[in-house]
Amino acid sequence: MGQRPDAVHVRAPGKINVYLGVGPRHDDGYHSLATVFQAVSLYEDVYASAAAGFTLEVDGEVDVSGVPLDDRNLAMRAAKLLAQTAGVDAGVHLRIRKGVPVAGGMGGGSADAAAALVACDALWGTELGAHRLHALAARLGADVPFALHGGTAVGAGRGDELTPALARGRFDWVLVLSEQGLSTPEVYGRLDQLRAQEGAVADDPPMSLDVPLAVLHALRAGDARELAPALLNDLEAAAVIDRPDLGATLIDGIRFGALGGLVSGSGPTIALLCESPEHARAVQDQLLGTGRRALHVHGPVPGARLVG
Ligand SMILES: C[C@](O)(CO)[C@H](O)COP(=O)(O)OP(=O)(O)OC[C@H]1O[C@@H](n2ccc(N)nc2=O)[C@H](O)[C@@H]1O
Ligand SMILES: Nc1ncnc2c1ncn2[C@@H]1O[C@H](COP(=O)(O)OP(=O)(O)OP(=O)(O)O)[C@@H](O)[C@H]1O
């Protein structure tokens, strides 16, 4: 056991799926993925302090009314899973300050879970190490390992089998937020329906599930112009069917000069790729002018980290 602080602060990022290829659905309800995550500069801050039991409070810069405060909360589940696994006989009070939109397709809850793992590991001095923390993260949700990892990474399997991707420089994104969130399982379910309607049948040859070389090359080159035409999200049609306004936002983003754009993860956040910070601010201003909520972020940024 290492030194035990009374309180710790961990920061974890939201993410964009720069590429999201969705393969077949398996019997466990999960789909095989070929995805590229990029962690962006929109953060969840988790403050953990020593306590007898397990308690939680949530506030933030985004609407937090949809966030559960009981055992359904991913951060709470992360703390309890770590305590159980490491045989810790202590509690924690977690305060989550959310900067990532709730149910926005940017992995905010997953970032909370990753941050809670790192925070409780430090608070309790369990020193589990990166490998075992990753294994716990994967049990909490498909996006949680990436929130620990951060940077830019290729995700296979459920999205939890990660390989770091080389990415040079920085990429500037404008995010357009929605007031109403989308449910991740419902969006995956809608994609299955669309595919069934298109006549895809169970004994079709397996879909090819690889991240295109064009995506990896553009990231390696740090070239937003090269990356823009390669952005793709197989969940986009399923998200846009329920939310036609997202299609209009994408069109406006391109009309205002973004190099390209896509729905982030299961949506409804839209991510628009820009060439430079100045370019992103110009696109952001135009979107703000239409009354939309638009933020300028950049990636890649690190995964869940102790602050201070
Ligand atoms: C859309 C993405 O954000 C893209 O990174 C993720 O695939 C979703 O990751 P997540 O929210 O961490 O997902 P989980 O909490 O593990 O699963 C929620 C639900 O999403 C669907 N799901 C998730 C991941 C995956 N590879 N296939 C799926 O079909 C399943 O219906 C699952 O029950
Ligand atoms: N710590 C948490 N923060 C936010 N939502 C949480 C949390 N724990 C559980 N939830 C539940 O999970 C749902 C989706 O949360 P989240 O904000 O992570 O969505 P998301 O960013 O779309 O997820 P992903 O991109 O990983 O699919 C919420 O509507 C809420 O009911």
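What counts as what
Residues numbered from 1 in each chain as written. Chains lettered and ligands numbered in written order. Predicted model: local features only at pLDDT ≥ 70, side-chain atom pairs only at ≥ 80, totals over all residues. Heavy atoms only, no water. Near = heavy atom within 4 Å. Polar contact = N/O pair within 3.5 Å; in protein donor to acceptor, adjacent residues only side chain to side chain. Domains from an automatic or database assignment. Core = buried A, V, L, I, M, F, W, Y, C linked by side-chain atoms within 4.5 Å. Buried < 20%, exposed > 50% of the residue type's maximum accessible area, 1.4 Å probe, protein only. Helix = DSSP H or I, 4+ residues; strand = E, 2+ residues; numbered from the N terminus. Areas by Shrake-Rupley, 256 points an atom, 1.4 Å probe, with all protein chains shown as cover. Nonpolar A, V, L, I, M, F, W, Y, C, P; charged D, E, K, R; others polar. UniProt positions renumbered as here; feature names shortened; annotations may be inferred. Salt bridge = Lys/Arg side-chain N within 4 Å of Asp/Glu carboxyl O. Contact = heavy atoms within 4.5 Å. Pairing = 2+ DSSP bridges. Axes fitted to C-alpha atoms, helices over the stretch in contact; angles between N-to-C directions.

Caption draft 1: Region of the structure containing the site of ligand 1. Taken together, the neighbourhood of ligand 1 is formed by 17 residues, with Y30, H31, A142, D143 and Y188 sitting nearest. Take H31: an N or O atom from its side chain is 2.6 Å from an oxygen atom of ligand 1. Within the contact set of ligand 1, an oxygen atom lies 2.9 Å away from a backbone nitrogen or oxygen of A142. Formed jointly, the shell around ligand 1 draws a minimum of three residues from each of two domains, domain 1 (7-165) and domain 2 (171-299).

Caption draft 2: Representation of the nonpolar core. V92, L94, L117, W124 and L140 are the most contacted members of the largest nonpolar core, which totals 41 residues. Counting only elements with at least two residues in this core, the list comes to β1 (7-25), β2 (31-51), β3 (54-60), α1 (74-86), β4 (91-98), α2 (108-124), α3 (129-140) and α4 (144-149). For this core, the leading source of residues is α2, giving 12 residues. One finds V40, L177, A230 and L273 within the second-largest nonpolar core, a separate group that totals 26 residues.

Caption draft 3: Quick look at the site of ligand 2. Around ligand 2 lies a shell of 22 residues, among which G105, G109, D112, D143 and T184 are the nearest. Here a nitrogen atom of ligand 2 sits 2.9 Å away from a polar atom, N or O, in the main chain of L74. The contact in question runs from an oxygen atom of ligand 2 to an N or O atom on the backbone of A103, over 2.8 Å. Here ligand 2, which alone exposes 610 Å², has 79% of that area covered by the protein. With 4 residues, α2 is the single largest residue contributor to the shell around ligand 2. Broken down by class, the residue content of the shell around ligand 2 amounts to 7 nonpolar, 10 polar and 5 charged.

Caption draft 4: A look at the UniProt feature "domain: GHMP kinase C-terminal" (unreviewed entry) in the protein chain. Taken from the UniProt record, the annotation "domain: GHMP kinase C-terminal" (unreviewed entry) applies to residues 216-287. Taken end to end, residues 216-287 has its terminal C-alpha atoms 29 Å apart, with 54% of it in helix and 15% in strand.

Caption draft 5: Here's a closer look at the pattern of salt bridges. Summed over all chains, the structure comprises 18 salt bridges. Residues R25 and D192 are paired through a salt bridge, measuring 3.7 Å at the closest nitrogen-oxygen approach. One end of the pair, R25, is in strand β1; the other, D192, is in helix α5 (residues 184-197), with 167 residues separating them in the sequence. Since its relative accessible area comes to 51%, R25 is described here as exposed.

Caption draft 6: The arrangement of the UniProt feature "binding site: ATP" (unreviewed entry) in the protein chain in detail. UniProt's entry tags P101, V102, A103, G104, G105, M106, G107, G108, G109, S110 and A111 with the feature "binding site: ATP" (unreviewed entry), counted in the numbering of this structure. Relative to the helices and strands, V102 is located in the loop between β4 and α2. On the accessibility criterion, V102 (28% relative accessible area) is partly exposed. Dropping the residues within four chain positions of it, V102 is found in contact with V62, D63, V64, V67 and G181. Counting through the fold element by element, G109 comes out in helix α2. Exposure remark for G109: the relative accessible area of 30% places this residue in the partly exposed category. Setting aside chain neighbours within four positions, we find G109 in contact with L74 and K98.

Caption draft 7: How the structure looks around the sheet that holds strand β11 (residues 293-299). Read from one edge of the open sheet, 4 strands run β9-β10-β7-β11, paired in antiparallel fashion. Looking at the sheet topology across the chains shown, the edges are occupied by β9 (260-263) and β11. Taking the axes of each pair of neighbouring strands and ignoring which way they run, one obtains an average angle of 25° across the sheet. As paired strands, strand β7 (residues 171-177) and strand β10 (residues 270-274) are joined by 5 bridges and run antiparallel to one another. Across the sheet, residue D172 finds its bridge partner in β10, namely C274.

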